[in-house]
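Each chain, letter by letter, is given below.
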Amino acid sequence: MRITIITVTYQAAAVLQRTLDSVSRQTCQDIEHLIIDGASKDDTVKMAKAYQEKVPYPVIIQSEPDHGLYDAMNKGLHKATGDYLVFLNAGDTLHADDTLSTLNSQLSTLNSPAVIYGDTAIVDGEGKFLHLRRLRPPKRLTWRSFKQGMLVCHQAFYVRTDIAQQEDYDLRYRHSADVDWCIRVMKRAEEMRLPLVNANTILADFMEGGNTTQNHRASLKERYQVMCHHYGKASTIVMHAWFLVRQLFR
């Protein structure tokens, strides 16, 4: 299985190298790497080109103005040619050198699941492990699971490319379009009667303080809107009340 890794960048020179290095170290190199840049003025593109010249797998670099993160992600989505794709943005990394080998081994025994997903580690600015992500992936995932929050981090959510390309990111959302997109992908998988498979391993390292963290309040507001859209307002209010009670008694 070829996996397309999509990395969206903008003025990312300070954190991009760790992402590129984590991909280049993979023991499985049946990879396509798309780097979708928003016309950075720093050394982001220079770094990407240096990486492109030294790795054996195809690296496609596109640098042009865009309309934000999810517009860039849509561009990458429709350029992907691998069997599965994942978004690994600047600063994020694959968890281990054999992450893609592990996934390929699992996929070789499965009948083309719609999604294969796993756990995420939170790391600091130097890539050192801090803790596992608080929301943990369930043993059995469905689109209804996200009523409890985004249980699977976007960087640990590998989607069959032909399914992913049927669902664009909704540009009305600036911070939480990934939540909406994952739910819609899982809904489509259910319609197609395709499984979502837990890899039962850590797949990604997410750097503490990413886009959603930096825009926490706006992100929460958008996530509420996303949940109301997919699960209904009454159900969403009940779940948020439960979240509040749970926080008060932790």
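Residues numbered from 1 in each chain as written. Predicted model: local features only at pLDDT ≥ 70, side-chain atom pairs only at ≥ 80, totals over all residues. Heavy atoms only, no water.

A. A look at the packing of aromatic side chains. Evaluated as defined, the whole model comprises seven aromatic pairs. Here the aromatic rings of tryptophan 143 and tyrosine 231 are separated by 5.7 Å at their centres, their planes lie at 0°, and the arrangement is stacked. Here tryptophan 143 is found in the loop between strand 7 (129–132) and strand 8 (157–160), whereas its partner tyrosine 231 is found in helix 8 (residues 216–231), with 88 residues between them in sequence. Classification of tryptophan 143 by relative accessible area gives buried; the value is 14%. Every member of this aromatic cluster is reached through a ring pair, and the members are Tyr70, Phe87, Phe157, Tyr169 and Trp181. (Phe/Tyr/Trp six-rings, centres within 6.5 Å; stacked < 30°, edge-to-face > 60°. Helix = DSSP H or I, 4+ residues; strand = E, 2+ residues; numbered from the N terminus. Buried < 20%, exposed > 50% of the residue type's maximum accessible area, 1.4 Å probe, protein only.)

B. Main features of the packing of helix 1 (residues 13–24) against helix 2 (residues 44–54). At a minimum axis separation of 9 Å, helix 1 and helix 2 run at an interaxial angle of 15°. Of the possible angle classes, the one that applies to helix 1 and helix 2 is roughly parallel. Between helix 1 and helix 2 lies a crossing whose hand is right-handed. Listed contacts from helix 2 to Ala13, Leu16, Gln17, Leu20, Val23 and Ser24 of helix 1 are Thr44, Met47, Ala48 and Tyr51. Here the residues of the contact of helix 1 with helix 2 sort into seven nonpolar, three polar and no charged. (Axes fitted to C-alpha atoms, helices over the stretch in contact; angles between N-to-C directions. Parallel < 35°, antiparallel > 145°, perpendicular 65-115°, else oblique. Left-handed = near helix turned anticlockwise from the far one by under 90°. Contact = heavy atoms within 4.5 Å. Nonpolar A, V, L, I, M, F, W, Y, C, P; charged D, E, K, R; others polar.)

C. Geometry of unusual backbone geometry. Notably, glutamine 11 is not glycine yet its phi reads approximately 50°, a positive angle. Relative to the assigned elements, glutamine 11 resides in the loop between strand 1 (3–9) and helix 1. Even without being glycine, asparagine 200 reaches a positive phi, approximately 55°. One can find asparagine 200 in strand 9 (residues 196–207). With a relative accessible area of 65%, asparagine 200 lands in the exposed category.

D. Spotlight on the layout of surface pockets. By volume, the second largest pocket is sized at about 180 Å³. Considering the residues around the second largest pocket, the lining is formed by Lys139, Arg140, Leu141, Thr142, Trp143, Met186, Ala189, Glu190, Leu194, Pro195 and Leu196. Ranked by residues supplied to the lining of the second largest pocket, first place goes to helix 6 (residues 177–191) with three residues. Within the lining of the second largest pocket, the residues separate by chemical class into seven nonpolar, one polar and three charged. (1 Å grid on protein atoms, 1.4 Å probe; cavity = no way out; pocket = protein on both sides within 12 Å on 5 of 7 lines; lining within 4 Å. Points joined across faces, edges and corners; volume = space filled by probe spheres on them.)

E. Quick look at the nonpolar core. If you look at the biggest cluster of nonpolar residues, it comprises 69 residues, and the most contacted ones within it are Ile5, Leu100, Phe146, Phe157, Tyr158 and Trp181. Sorting elements by how many residues they give to this core places helix 6 first, with eight residues. Ignoring anything within four residues of it in the chain, the contact list for tryptophan 181 reads Leu77, Leu85, Phe87, His154, Phe157, Val159, Ala164, Glu167, Asp168 and Tyr169. (Core = buried A, V, L, I, M, F, W, Y, C linked by side-chain atoms within 4.5 Å.)

F. Region of interest: the side chain of histidine 33. Looking at the secondary structure, you find histidine 33 in strand 2 (residues 31–37). At a separation of 2.8 Å, a polar atom in the side chain of histidine 33 contacts the side chain of threonine 7. (Polar contact = N/O pair within 3.5 Å; in protein donor to acceptor, adjacent residues only side chain to side chain.)

G. Representation of the side chain of serine 176. Along the chain, serine 176 turns up in the loop between helix 5 (161–164) and helix 6. When neighbours within four sequence positions are excluded, serine 176 is seen to be in contact with Tyr70, Ser219, Glu222, Arg223 and Val226.

H. Layout of the environment of methionine 47. Among the secondary structure elements, methionine 47 is positioned in helix 2. Note: C-alpha distance between methionine 47 and threonine 93 (46 residues apart in sequence) is 16 Å. Apart from the residues lying within four places of it in its own chain, the contact partners of methionine 47 are Ala13, Leu16, Gln17 and Leu20.

I. Inspection of the pairing of strand 4 (residues 84–87) at higher detail. Both faces of strand 4 are covered, namely the face carrying Tyr84 and Val86 and the face carrying Leu85 and Phe87. Note that strand 1 and strand 4 share four bridges and pair parallel. Within strand 4, the residue paired with isoleucine 3 across the bridge is tyrosine 84. By the bridge criterion, two bridges tie strand 4 to strand 8 in an arrangement that is antiparallel. Bridge pairing in strand 8 places leucine 85 opposite valine 159. (Pairing = 2+ DSSP bridges.)

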